Structure formats: structure tokens, C-alpha cells
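Observations on the three-dimensional arrangement
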Amino acid sequence: MIFEDLPTTPTSEELLDKAFSRAARAGRAKSGVEAQESMLQTASNVLSDNLENVVTAWPDFDDVDPFYRELADAVVGVDEARTHLSEVTWASRKTKSLGREYIGRLPRDDPDLARKLRKQAFARMGSVMDEVEDDLQFLNEARDELKTFPDIRPDEPAIVVAGYPNVGKSSFVNDVTNARNEIAQYPFTTKAVRVGHVERDHIRYQLVDTPGLLDRPADERNAIEEQAVSALTHLADAVLFMVDASATCGYPLEDQLALGEDVRATFVDTDDGESDEDDVGFLTVCNKSDLSTDVEADAYMSVETGEGVEDALGAAIDATGYELELPTRD
């Protein structure tokens, strides 16, 4: 996952302590003006290099898959993150230039003046670090949030499982993936997002269960949830929309079907209301078929009894239209 390896971002105080302690050790190894020069060079390098490492650890958002970019935008704000990274880049360059400036001003034969100039440079470096204290804090908090994303792989076919609560979405994902799924907590919802995997014909399919995002109409979602749904549109190869015709889930069938049309409009239909060849597959599956099948659906199953589950999964896999690309000889 693109954000998984982001390192912890140090605070301004931690970087200053590191820089000045190393500078002190470097100064003890020498004497006079040479000691002050060594301290300046060390502190400048430590601050500049560590700040640069903070920035380079982050991926270029222009190169991030649209799915993860939109999720990152929903959670931390891509433009805001770029602004804070830009400030840290400025601080890296500024601490480097301050080192060069003061090393160039050191007298060759006046250790006391050299010590005074070194202290002045350290004070200015400290001021630079104070200016980016909030930027570093933002980046560390953003890193903590982005690392919570589940490992969803945009290069693998994905089936988004949608429907009202209690229709059997999670039970279905757990059943067909033998409960070997990842469960991750998104920062924008108190509910978990489940990702299960199933393999067919040497292809691994992802089943994405998204409670809290697709279990109610669009006009009831907040802005962040809407953006997360938008991110899922970049990922989905097919949508398995589950209904409970018996309504034992607690929601009338007509409300479930209305939500299905809303989800279809989000993932499948174009702006003019028509589908085209580039759109994702959409499959309506009636669960709890042992209780009722009184609804028009593409497949019928009962996770409780196991009847029709494999057929429904197979239909969802077919709906992705995914074909393994094999190498060819020129």
C-alpha cells in the first residue's frame, strides 16, 4: 500500500536536539575557529538532510493511483499536505543556506567572534524550525491516518459489495473468503471497511465491503463520505448490490431497491444516464432466499444455508469482465 512505509515525522524539537548534540560532539573534536565551523556544518547538514528526508518519503500525489489519491484527499487534503511539504522543503533549504552563510562569515583568527556567530546561526536555525513546527505535526498526523487504509490494490480486479445494513454483506465476504480478510478502520467513519480475497483461474479478486459508505442514500452521506465513494469508483470493476426480499434486515424492500438505483447511478451510469462499455458491472443479488425470493434479481442465495453462494460469487466475478493479460511474442 502506497502510504504503508511512511516513516514517523520528527518534531522540530527532536530535530534541533539531534542537530545540536551532534554539532557539540563535532566541535569537541577540534578547537578554535575550526571547532565552530565544524559545529555549524554539522548542525546545518543534520537539519537540512532530515527535513529533506521528511519530504522525499512522501509520494508524489500526481503519481498516486486515483483511488488512493482521492482517499487521501478525503482524509487529510492533498492540497493541504502539499502546502505543508512545501514549507518543510523551504526549511531544508534555509537551514542549508544559513550554514553556508555563517561559515563564510567566520573569521580565521578570532575564536570568540566565531563562537558568537555560530550561536547566532544556531538561533536563526531554531527560528526556522519553529516556523515549520506545525507543518511537521500535520504531516505526522496525516501519516498516522493514511497508514490505516487497508491494502486495496488498484491493479487487481475488485468487487464492491453494497446494500443496506443487515442484508448479509459482511457474512457473504467472510464466507467466500473463508474469513481471511483484512479489516481496517477508515478515519472518516466509525465503521470498518473489510477487504476479502478469492482466487479464480489464477486471478485474485478483491471483495470490498464498505459499511458506512454505501448503506444509505447519497443525500444522507457527508462530504467526506461522498469523496470516499468517489474514490471507490476508480477501484470497482463490478458492484454486487445485495437485497433482502424478506425485509428482516429492518428496511423495506422498496427502500433497498431505491438505494440500488442510487449506487448504480454512482458506479455505472454516465452523466446522461446511459451505460457504456467502460462502466463497471452491476449485479443485484437477493440474499436470504430461504426466506423470500420476491424480487427481480440477477442471482439468489442464502449465506445462512449456503445455497447459491458460489453461483452468486461466480456471477460477480463474471461481471468484472476481467481477463488476465498474458505475455505475447512479437
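Heads up: these notes are all about the structure in this document. Predicted, not measured: the structure shown is a model, and the values here were computed from it. (Residues numbered from 1 in each chain as written. Predicted model: local features only at pLDDT ≥ 70, side-chain atom pairs only at ≥ 80, totals over all residues. Heavy atoms only, no water.)

**Brief notes about the nonpolar core**
Here is a general trend for soluble globular proteins: nonpolar side chains tend to be buried in one another's company. In this structure, Phe172 and Phe267 are the most contacted members of the largest nonpolar core, which totals 100 residues. If sequence neighbours within four positions are ignored, Phe267 has contacts with Leu214, Val229, Leu232, Thr233, Ala236, Val239 and Val280. (Core = buried A, V, L, I, M, F, W, Y, C linked by side-chain atoms within 4.5 Å. Buried < 20%, exposed > 50% of the residue type's maximum accessible area, 1.4 Å probe, protein only. Contact = heavy atoms within 4.5 Å.)

**Considerations on the packing of helix H1 (residues 12–28) against helix H2 (residues 32–56)**
Where H1 meets H2, the closest approach of the two axes is 8 Å, and the angle between their N-to-C directions is 150°. What the angle tells us is that H1 and H2 run roughly antiparallel. Handedness of the H1/H2 crossing: right-handed. The residues of H2 that touch H1, namely those facing Leu15, Leu16, Lys18, Ala19, Phe20, Arg22, Ala23, Ala24, Ala26 and Gly27, are Ala35, Ser38, Met39, Thr42, Ala43, Val46, Leu47, Asn50 and Leu51. Per-class residue counts for the contact of H1 with H2 are 13 nonpolar, four polar and two charged. (Axes fitted to C-alpha atoms, helices over the stretch in contact; angles between N-to-C directions. Helix = DSSP H or I, 4+ residues; strand = E, 2+ residues; numbered from the N terminus. Parallel < 35°, antiparallel > 145°, perpendicular 65-115°, else oblique. Left-handed = near helix turned anticlockwise from the far one by under 90°. Nonpolar A, V, L, I, M, F, W, Y, C, P; charged D, E, K, R; others polar.)

**Description of helix H8 (residues 223–235)**
With 13 residues, H8 extends 19 Å from end C-alpha to end C-alpha; this agrees with the ideal 18 Å at 1.5 Å per step. Restricting attention to buried positions, one finds in H8 the residues Glu225, Ala228, Val229, Ala231, Leu232 and Leu235. Seen along its axis, H8 keeps its buried residues to an arc of 155°; they face one direction. If you follow the buried residues of H8, they end up packed against helix H3 (66–75), strand S1 (158–162), strand S4 (203–209) and helix H9 (253–267). (Expected span 1.5 Å × (residues − 1). Arc of directions from axis to C-beta.)

**Quick word on the packing of aromatic side chains**
Within this structure, the stated rule accounts for eight aromatic pairs. Their ring planes at 40° and their centres at 6.4 Å tell us that Phe3 and Phe61 sit as a pair that is tilted. One end of the pair, Phe3, is in the segment before H1; the other, Phe61, is in the loop between H2 and H3, with 58 residues separating them in the sequence. For the residue pair Phe3 and Phe61, the accessibility class agrees, reading buried in each case. One aromatic cluster in this structure is built from Phe3, Trp58, Phe61, Phe67 and Tyr68. Directly above the aromatic system of Phe122 lies the positively charged group of Arg118, at a separation of 5.1 Å from the ring centroid. (Phe/Tyr/Trp six-rings, centres within 6.5 Å; stacked < 30°, edge-to-face > 60°. Lys NZ or Arg CZ within 6 Å of the ring centre and 35° of its normal.)

**Observations regarding a positive patch on the surface**
A cluster of like positive charges, contributed by Lys18, Arg22, Arg25 and Arg28, occupies part of the molecular surface. Along the polypeptide, Arg25 turns up in helix H1. (Patch = residues over 30% accessible without salt bridge, like charges linked within 9 Å, V, L, I, M, F, W, Y side chains within 5 Å. Areas by Shrake-Rupley, 256 points an atom, 1.4 Å probe, with all protein chains shown as cover. Salt bridge = Lys/Arg side-chain N within 4 Å of Asp/Glu carboxyl O. Lys, Arg positive; Asp, Glu negative; His and termini not counted. Charge placed at Lys NZ, Arg CZ, Asp CG, Glu CD.)

**A few points about the packing of H2 against helix H4 (residues 78–105)**
Packed helices, taken two at a time, are described by their axes: the angle between them and the distance between them. Look at H2 against H4: their axes get within 8 Å of each other, and the N-to-C directions meet at 165°. In this view, H2 runs roughly antiparallel relative to H4, as classed from their interaxial angle. Crossing of H2 over H4 shows left-handed handedness. On H4, the residues that touch Glu37, Leu40, Gln41, Ser44, Asn45, Leu47, Ser48, Asp49, Leu51, Glu52, Val54 and Val55 of H2 are Leu85, Val88, Thr89, Ala91, Ser92, Thr95, Lys96, Gly99, Tyr102 and Ile103.

**Looking at helix H10 (residues 309–320)**
Between its first and last C-alpha atoms H10 spans 17 Å; for 12 residues at 1.5 Å apiece the expected length is 16 Å, and the two agree. What H10 keeps buried is the set Val309, Ala312, Leu313, Ala316, Ile317 and Thr320. The arc that holds the buried residues of H10, viewed along the axis, is 140°, so those residues lie on one side. Along H10, exposed side chains directed more than 90 degrees from the buried face belong to Asp311 and Asp318. In the segment just after H10, Gly321 is the residue with positive phi, at about 65°.

**Comments concerning the side chain of Gln206**
Tracing the chain through its elements places Gln206 in strand S4. A polar side-chain atom of Gln206 sits 3.1 Å from the main-chain carbonyl oxygen of Glu156. Contacts of Gln206, omitting those with residues within four sequence positions, involve Asp151, Ile152, Arg153, Glu156, Pro157, Ala158, Ile159, Gly196 and His197. (Polar contact = N/O pair within 3.5 Å; in protein donor to acceptor, adjacent residues only side chain to side chain.)

Limitation: the analysis is restricted to geometry and does not speak to function.
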